Structures are given as C-alpha cells and as structure tokens.
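# Residue-level structural notes
Take a look at the letters that make up each chain.
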Amino acid sequence: MKIKILAAGLVAALAAAGPRTALAAGNEIVIGDIDDLSGTYADAQGAGGVEAIKMAIADFGGTVLGKKITFLVADHQNKPDVGASKFREWSDQNGLNMLIGGSNTGVTIAMAKVAAAKKVPLFSIGAGGASLTNEDCTAYTVHYVYDTTALANGTASTIVKSGAKTWFYLTADYAFGTQLQNAASKVVEANGGKNLGAVRAPLASADFSSFLLQAQGSGAAVLGLANAGADFSNSLKAANEFGITKTMKPAALLAFISDIHRLGLQTAQGLYLTTGWYWDLNDDTRAFAKRFFDKMKAEPTMDHAGAYSATMTYLKAVKAVGSADSDKVMAELKKTKINDMFAKGGYVRADGVMVHTMYVMQVKSPQESKYPWDYYKIMKQMSGEEAFGPITGACALAPK
Amino acid sequence: MTHVLGIPVAVILGQLVLGLVNGAFYAMLSLGLAVIFGLMGVVNFAHGAFYTLGAFAALLGLQWFGINYWAALVLAPLAVGILGIGCERLFLRHVYKLEPLYGLLLTFGLALVVEGTLREFFGSSGRSYPVPAALQGVMNLGFMILPIYRAWVILASLFICAGTWYLIERTRLGATLRAATENAPLLQAFGVNVPLLVAMTYGGGVALAALAGVLAAPVIVVTPYMGNSLVTVVFAVVVIGGMGSIFGSVVSGLTLGIIEGFTKVIYPEASNIVVFVIMALVLILRPAGLFGKE
C-alpha cells in the first residue's frame, strides 16, 4: 500500500516537472537576470532592472550576430541556494550566455562560483560587497555599478573629514553589511576617527528600535547605517521616530534614490550618500531617465542605469569579437573603454571592477528641491581610481 | 550618567520599555493560543497567520476602502474571526477525535497556505501602515524618547488581556465554555449547542490574534512573514506559562518580553534564544509550565 502511494506521488511529481526546455541550439543569445524581485531590495533594481535590460535589448535591435536575444528572469528571494541553482539550471538547460546579477552580496558570491564553474560572464549590478573582486573574484565577474570600497571612500570619508569622528554602526547581518562596515571603519580610522562598535540586525528586521537604542547608548557622533534598501529606510525612519537623529548624525553608507523617495525629503534631507549615477546629471542621463520613467513611473536608480549599460556593453563586446565565447568576450571587455550615459571612460580592471566616476551627494531640503525627484546636490565628484582604490592583491587574477 | 554593570541606566531602561512593547504582543498572541488550547485542545499553528491577516486586513481596508485605524481595530478582528469560524467548521472539527498531532499539522498547513497566498498577491517586500493621527508624536521619558503609539500598544494589550480573562473566568459565558472543556456531552445534554460554542471559541481566539496584528501594523513592517517569525516565540511563551493557562500566558508574555529586552543590553546575540533557553529550563523543572495545573 505504502509503496503504491509512493509510486503515485513520484509519477505526479514527474508529470508536474513537465518537459525539459530544449537546449538553445546556438541560434540565440541568452541573457538572464536573477535578482530580489519581491523583497527588501526589490526597489533598488528588481522590476525596474528587468525593464532596463529589456530596453537595452530592444535598443540593440533584439538580435546580435544575426541571433535572436532571449531574456530570462528569476527571483532569488535573497537565498543564495536559489540564485545559484537557477543560474546553474539556465546554464545547463537554456544555454545561458550572460547573467545580470541583482542585489544581495551573499547570493552574488554564490552565483560567482557558478559563473566560474560554467564559464558564464556575470555582471554584478545591485550587490555591493567588494569581496566579489577580491577574495571571491573570478575570471568571469564584472562588478559594474559600485562596491563597498567606493561607498566608504565617498560617504564615510566626507563625513569623518567634516569633523564627526566617533562612529557606531547598525549593520545588516550578512556578507554585504559586514563588508560595508569594515570598509567604512578603515576609512574612519585612516582619517583620525574612532569606531565605537556595531550592532548587527538580521536582514529584513521588522523593528529596528532596540538596535537603535543600543547605538544611541554608545554615545557616538555618527550612526553608520551599513544596510540597504528597505532596511535602510526602515531603520532611518525608526531613528527619527525615537529622536535618535537629534543626538547622532546618520550616515547612509548605501542609499538609492528609491529609498530617498520612500523616506521623503523631510526625513532624508541633509544625508550624505555615494552613488555611481544620478538621473539628473546631464542630458544623456535625463534622456534615459525620461524613457525609464514613462514605463516604471519612477526615476531610475544607479542599478537601473547600470543594468541597461551592462547589457549594452556585453552585447557590444559580443558584436566586436563576432562570437559569444565567454573568454573572448571577457578579453574584449577588459580592453575596451565604456562610454555611454552611465559611464564616461569607464574600464573593467583585471580584478573585475568596472572603474568609473562616483559622486558624493547630499540630499536636498524640501525648499531646495525645485521639481519632482530633484533630490541630490553633488558635493564631490570622485575619479574612478579615487573611488575604487588600488588593486588590493586579494584577487589571484590581479596581483598587486 | 549612572551605570549598572558598565551599562548606562538609560539604555537598560530603554530596552526594558521596548521589551514591554514586544511582551504586549507576546501576551496578546499567547492569550489567544491559550484560550484555543485550553478550551479545544488544539495546538493552533495557524495563529501567526491570523495575526498577519489582521495586519493585512487593516492595511488593505485603509488602501482600498479608506477604513481608518479605529474602525479597523473592530472590523479586522471581526472579519478574521469569521474566517476562523469558517476554518473550524470546514476543517478543524474533523480532527478533534484524532491525536493532537493532526490538529497541529492541519493548522500548520493552513498557515502555509495563508502565507503563500499573501506573498503571491502582495510580494514579500513589506508595506508600512501609518500611525493614526491621534497617536502620533513622542513623549520624553527622560531616559528615552518613546513614540506615543508604543505606549498605546502596552495599554491596549493590558486592557485586552484583562478583558479576556474576565470574560472567561468571571462571566456566565465563560463558565459555560469551561464546562464544555470539562464535560462536553453532559453540557450538550443540558441543551447547550457545544459545536457552536467551540466554533465561536476558535473564532474569538483568532480574532484576538488579528487584533494584535492591527495593533502591530503601525509599529512594524507588514509582510506575509510577520506572523511566522513571531509564532515560534509565542509557542514558547505558552509552554512556559503553562498550556491553556490564560493568566500564565499573559504574565509570561510580558515577563519574557522584558527579559528579552534585558538580554539585548547584556548580550545581544543571545536575545533570539533566551526565550527558548527559559522554555527548556521550565520543561525540565516544571513540565506543566509555571502556571499550569497538571
């Protein structure tokens, strides 16, 4: 009896799995996007990133080398195993040629291992951890938009130089948070500041109040928010609610324009933040932003612009070498300058960092903001070399 | 500033107040669980899901129909309570005759269905519910700034717990309910509709969970998972208080919230497990729970 039931279950499971997707027979170029489409980070890249990649494919003409460009999307739900197994599945069954990686450093580290094993180029967009081009680097990873080193060199350096010397961190308790906190701590110390401690909050905590009270108890001058997405906006909101921002200066170690929009200028005004791109920089950025806004009803974040640019850059490289062979494409990527609405004179370094200009911004006050989404004023423009720093030597591909 | 054990007193007091707020939620949720277990013998694993539904009912009521917070405090528990009665009549009543394990599995399945459905329609990113205008603002307690809404949560939960205790221990309806648990066939012989009574009990218990959900909506981020993360702790609270003991669940809910807050000051990494450590100790030393009778 039991065996019968087991057998019936097995048959049902097999039927549900359905026919396998046929292997791409080399007549299409397959681009994938694995991202947090529904969670804490969904606004930074998410559905907007999917749209940006679609725009890039359409702008490229929908084909490359006479082959149709196919686009696959999946939600990794902030789970490394889900992201890595989807990547592996697409690579084995759908003939994936390139993957755009979404937010979450933990997931992207897992996916980078697949990129190396399957030799599929991985453009990491939304993930911030600098380990992706250091300890966790691969020959197929391109870290395209920003990393924790650049964020710390921008925001932490600006704030500590302004005289706020003692820091306490509220850190997202996984790879990204720790890396961001460490990068900021180094910058703070190098500039004569002091790190008083940190409290780690689980990703997507429902209530940050008790963590924040701990931060306040430290007596530090700066509250370093080493988190991102909804965690960032929720913790800053709670810091305001509990009057903590009256005694501590909040430092947004990573903030997207979507976060500022959600918080509103009344709450976010005066914050310093570092970004790889802003929609209102020049005519090129505004032109892209207008097209994006028409579809998504929101101005693009740096991740959205980066996802568009990365897709274009990859397709141009495929066209230039006349093949989707991963090694040939990677070689082309590492010798060609990137010039588009996202980056001017950007280049992919041996360790995989896409070196390009970064901006330290300050959030405007409601009075300073003249039109919708007029949120930032540029405090400092950092050259790519200044922002991303020298090659550390932690990546075997790029000795110091 | 004065210090105790090298920790500023203000920090300790602040965490204790926040612990009391968390404890208020533990108390309200474990209360409903205790009522359901005490009167029906069902280990209601779907309790967290009904709490989530309460918060979503308030949120969607506001977004779709403009129902304000105060109306939601009544309407959301009512709607969820009716849903609970439906679940009891459709599914739960079939498992009373079986081992308690079956009720546990059934309600666990229900919880998964609710969570999955909400995630399908609303995504897993949280939404926030605005604090009602009358409860906005803060009060300065000297050692901390406390948002007025959190103070309201503590007061409201104490009131709700006291009301439920009174209803069950001091009214005729409560006496009938307790009689039903002692000897249902006899009570039925007296002409009382016991199945209806049981259904109403389940509805009332989950309505309490929904009410806690509405109270929680402005404090935390409303997500399909909000109940899931809480319900495990609440079960521990019920075990510590003594399964089925109403007084025990309220007292242990508030106390454990405070202990948890205190742990966050002394050794934050342990704050997630301190409740379970206490549960283990209680199970070893006093298996029936601190306030349990058997």
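All values derive from a computational prediction rather than experimental measurement.

Once that is clear, we can look at unusual backbone geometry. Residue and element names in this part refer to chain A. Backbone geometry at Leu65 places phi at a positive 55°, although glycine is not the residue there. For Leu65, the position within the fold is in the loop between strand E2 (63–64) and strand E3 (67–75). On the neighbour-count criterion, Leu65 (13 C-beta atoms within 10 Å) is partly exposed. We note that Asn78 has phi near 60°; this positive angle belongs to a residue other than glycine. You can see Asn78 is positioned in the loop between E3 and helix H3 (80–93). For Asn78, a count of 23 C-beta atoms within 10 Å puts it in the buried group.

A separate point is the pairing of strand E9 (residues 222–226) of chain A. Every regular strand shows the same layout, with side chains that alternate between the two sheet faces. Residues and elements named next belong to chain A. A large share of E9 lies buried, amounting to five of its five residues. Relative to E9, strand E7 (residues 166–172) is paired through five bridges, and the arrangement is parallel. Counted as the bridge partner of Tyr169 is Gly224 from E9. One ladder, built from four bridges, connects E9 with strand E10 (residues 249–252); its direction is parallel. Opposite Gly224, over in E10, you have Ala251 as the bridge partner. At this point the chain moves from E9, through helix H8 (residues 229–241), to the parallel E10, and the crossover so formed is right-handed.

Right, let's get into the interface of chain A and chain B. Taken together, the contact between chain A and chain B spans 17 residues of the former and 21 residues of the latter. At the level of secondary structure, the elements contributing two or more residues to the side of chain A that touches chain B comprise helix H7 (209–217) and H8 of chain A. Here the element with the most residues in the side of chain A that touches chain B is H7 of chain A; it accounts for five residues. Among the residues making up the side of chain A that touches chain B, the classes are represented as six nonpolar, nine polar and two charged.

Here is what the cut-offs are and how they apply
Residues numbered from 1 in each chain as written. Chains lettered and ligands numbered in written order. Predicted model: local features only at pLDDT ≥ 70, side-chain atom pairs only at ≥ 80, totals over all residues. Helix = DSSP H or I, 4+ residues; strand = E, 2+ residues; numbered from the N terminus. Buried ≥ 20, exposed ≤ 12 C-beta atoms within 10 Å, placed from the backbone. Pairing = 2+ DSSP bridges. Right-handed = clockwise from strand over helix to strand, strands pointing away. Contact = placed C-beta atoms within 7 Å. Nonpolar A, V, L, I, M, F, W, Y, C, P; charged D, E, K, R; others polar.

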